[in-house]
Amino acid sequence: MKYVFANWKMYLDFDETMILTNQLLAEGLPSDITIGLFPNTIALTEVEKAINGTNLMLGAQNVAWVPKGAYTGATSALFYKNAGCTHALVGHSERRHIFNETNDAVRKKMEACLDVGLTPVLCIGETQQDVENNKQQYRLKKQLMKALEGLDIGNNDILIAYEPVWAIGSGKPCLPDDVEDMHEWIKQEVKNYTDKNIPVLYGGSVNAQNINKYISKQSVDGVLIGHASATKEGFTSIIQALSTS
Ligand code: PGA
């Protein structure tokens, strides 16, 4: 089953989040796709109530790596798990680049998720500068190694989202054939760290017009969508595109 994860970032306030969630529920969602919502923390518990009993998944956009304590402004993986999340984005490019999150912090967040039974969605991606300096594979190798080497995954699952930084929110997605190649390479690379089959999602300017070009690739296990998932029109046309594919 392919994944369609909606990262609503900080696009929607509480009311807007609930309106969109209820609109989606009213539309009816496909059962042959795993759809996940990653709302803002303020709205998360209400979204959980609204989607309870449906096959929608709920995820956190970010987690703190300690379970509890004197960490002003932080929300832990444990709290998200208790609030009904099953997944959490870890190391999203906006966390890495705007909030200066390091590979070490990403690693701790991976461990924190696994400790409480949340499935981390490890986000990796190279910058435009990496591409220009021919450091694309170097960057991704390093991000994967720091996050996964020696990691005790136990019985948990892990997902990876390949999100080239230059493709996020830019309207310039990575070409589907290039994504296919990158995913094959990432899957090979991940074998250095685990025998598990780790799904790899693509993210970066995915929308209703291009989603099927990604989803139809064998090495693409799903997509992580930001901007296009944060409006009723955007999300509904994505769902329609999926059902007509
Ligand atoms: P975008 O964002 O779809 O707006 O490019 C994707 C993401 O940041 O996960």
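Below is a summary of the structure that appears in this document.

How each quantity is defined
- Residues numbered from 1 in each chain as written.
- Predicted model: local features only at pLDDT ≥ 70, side-chain atom pairs only at ≥ 80, totals over all residues.
- Heavy atoms only, no water.
- Disulfide = S-S within 2.5 Å.
- Buried < 20%, exposed > 50% of the residue type's maximum accessible area, 1.4 Å probe, protein only.
- Helix = DSSP H or I, 4+ residues; strand = E, 2+ residues; numbered from the N terminus.
- Pairing = 2+ DSSP bridges.
- Near = heavy atom within 4 Å.
- Polar contact = N/O pair within 3.5 Å; in protein donor to acceptor, adjacent residues only side chain to side chain.
- 1 Å grid on protein atoms, 1.4 Å probe; cavity = no way out; pocket = protein on both sides within 12 Å on 5 of 7 lines; lining within 4 Å.
- Sits in = over half its atoms within 2 Å of the grid points.
- Nonpolar A, V, L, I, M, F, W, Y, C, P; charged D, E, K, R; others polar.
- Contact = heavy atoms within 4.5 Å.
- Points joined across faces, edges and corners; volume = space filled by probe spheres on them.
- Salt bridge = Lys/Arg side-chain N within 4 Å of Asp/Glu carboxyl O.

Here, the word disulfide means a covalent bond between the sulfur atoms of two cysteines. Counted according to the given criterion, the structure contains zero disulfides. Of the cysteine sulfurs around Cys 113, a residue in no disulfide, the closest is that of Cys 85, at 9.7 Å. Among the residues examined, Cys 113 registers a relative accessible area of 0% and is labelled buried. Note on Cys 123: no disulfide assigned, nearest cysteine sulfur contributed by Cys 113 at a separation of 11 Å. You can call Cys 123 buried: its relative accessible area is 2%.

What follows covers the pairing of strand S5 (residues 119–124). Counting buried residues along S5, six of its six residues qualify, which places the element largely inside the surrounding structure. Side-chain alternation along S5 places Thr 119, Val 121 and Cys 123 on one buried face and Pro 120, Leu 122 and Ile 124 on a second face that is also buried. Relative to S5, strand S4 (residues 87–90) runs parallel, the two sharing four bridges. Paired with Val 90 across the bridge in S5 is Leu 122.

What follows is about the site of the ligand. Near the ligand you find 13 residues, and of these Lys 9, His 92, Glu 163, Gly 169 and Ser 205 are the closest. Gly 226 is positioned such that a nitrogen or oxygen atom in its backbone is 2.8 Å from an oxygen atom of the ligand. Mapping the ligand onto the cavity grids shows that it belongs to the second largest pocket. Along the lines of polarity and charge, the residues of the shell around the ligand split into four nonpolar, seven polar and two charged.

Another aspect to go through is the environment of Lys 141. With respect to the helices and strands, Lys 141 occurs in helix H7 (residues 136–148). The exposure class assigned to Lys 141 is partly exposed, which follows from its relative accessible area of 38%. Along the primary structure Lys 141 and Val 190 are separated by 49 residues, whereas in three dimensions their C-alpha atoms are 9.1 Å apart. Apart from the residues lying within four places of it in its own chain, the contact partners of Lys 141 are Trp 185, Glu 189 and Tyr 193.

Attention now goes to the layout of surface pockets. Considering only enclosed or pocket space, the largest pocket measures out at about 650 Å³ in volume. Forming the walls of the largest pocket are 28 residues, and the residues nearest its centre are Gln 61, Asn 62, Arg 95, Phe 99 and Glu 101. Among the elements of the structure, helix H4 (93–97) and helix H5 (103–116) are those that each provide at least two residues to the lining of the largest pocket. Taken together, the residues of the lining of the largest pocket sort by class into 13 nonpolar, 10 polar and five charged. Of the volumes computed, that of the second largest pocket is approximately 260 Å³. Forming the walls of the second largest pocket are 20 residues, and the residues nearest its centre are Gly 169, Gly 204, Ser 205, Val 206 and His 227. For the lining of the second largest pocket, the class distribution of residues is seven nonpolar, 11 polar and two charged.

This part covers the pattern of salt bridges. Summed over the entire model, instances satisfying the criterion amount to 11 salt bridges. Close ionic contact of Glu 180 with Lys 217 constitutes a salt bridge, the shortest N to O distance being 3.6 Å. Highlighted residues: Glu 180 in helix H8 (residues 176–190) and Lys 217 in the loop between helix H9 (211–215) and strand S8 (222–225), separated in sequence by 37 residues.

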